[in-house]
Amino acid sequence: AASTFFLSFIPELGAIVAACLPIPFILLTPTEECVVHKHLQDNHHTYYDDTDPTCVKDLPVRFQHVIVAIIGFMAIKLVISNILSAYLIGRNRILAGAVGNNQEEVRETHGVLVMFAVVFFGKVWGVVGMLISVPVISVVRLTLNMGAMKASAERPDEESPFQVGEGGGRTPKSTPSRSLQP
């Protein structure tokens with residue numbers, strides 16, 4: 001369960017690895033068909049908890065258990081990713097990317113910034129850095145958004161020296177420019 005929790009932070013690939021982890025345990029754990037009662041046990045065989053370790057007659061049942069486990073992992077992943085996360089993020093404007101006093105304006109992280117983070121973290125930490133770059137940039141952005149919300153709540157009468165720019169970046173406010181048309 002702990003490895004599944006930590007692997008869930010790696011988008012998509014972590015869920016696949018987490019779904020594959022229990023497969024050896026399921027395939028190597030004998031089912032009820034391999035139980036040998038005490039009065040039927042042979043003295044020349046080794047039994048563990050009254051099961052025959054060489055039993056393979058329950059292999060189809062074990063494969064059924066593997067299929068049920070993988071379908072269960074996929075169902076849980078789909079419900080969490082597509083329903084629960086979307087519901088929670090949609091209800092919280094800060095998690096959705098709202099910045100400043102304008103709660104209706106929601107911007108996503110610019111694609112170039114995400115690509116820069118992937119390349120930078122890849123150069124610093126290799127493949128692991130590439131995998132963790134998007135969650136790290138998301139946490140940084142969430143922290144900055146929460147700080148901006150807190151600062152605007154503490155000083156509601158003052159205007160922020162920053163305005164939201166294209167792609168979610170912050171740019172210094174400028175005075176309105178006059179039209180150059182005659």
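Attention in this report is confined to the structure presented alongside it. The shown structure was predicted, so the numbers you read here are calculated from the model rather than taken from an experiment.

## Looking at the overall build of the chain
Within the chain, the regular secondary structure consists of six helices and four strands. For the chain, the N- to C-terminal ordering of α and β elements is α-α-α-α-α-β-β-α-β-β. Expressed as a percentage of its 182 residues, the buried residues of the chain come to 17%. Considering only residue pairs separated by 6 or more positions, the chain has 49% of its internal contacts joining residues 24 or more positions apart. By element, 68% of the accessible surface of the chain is carried by carbon and sulfur atoms, the whole surface being about 14000 Å².

## As for helix α2 (residues 13–20)
Turning to α2, its buried residues are G14, A18 and A19. Seen along its axis, α2 keeps its buried residues to an arc of 135 degrees; they face one direction. Next to the buried residues of α2 lie α1 (2–7), α3 (23–28) and α4 (59–91).

## Thoughts on the environment of G14
You can see G14 is positioned in helix α2. As for G14 and S3, which are separated by 11 residues in sequence, their C-alpha atoms are 9.6 Å apart.

Rules behind the numbers
Residues numbered from 1 in each chain as written. Predicted model: local features only at pLDDT ≥ 70, side-chain atom pairs only at ≥ 80, totals over all residues. Heavy atoms only, no water. Helix = DSSP H or I, 4+ residues; strand = E, 2+ residues; numbered from the N terminus. Buried < 20%, exposed > 50% of the residue type's maximum accessible area, 1.4 Å probe, protein only. Contact = heavy atoms within 4.5 Å. Areas by Shrake-Rupley, 256 points an atom, 1.4 Å probe, with all protein chains shown as cover. Arc of directions from axis to C-beta.

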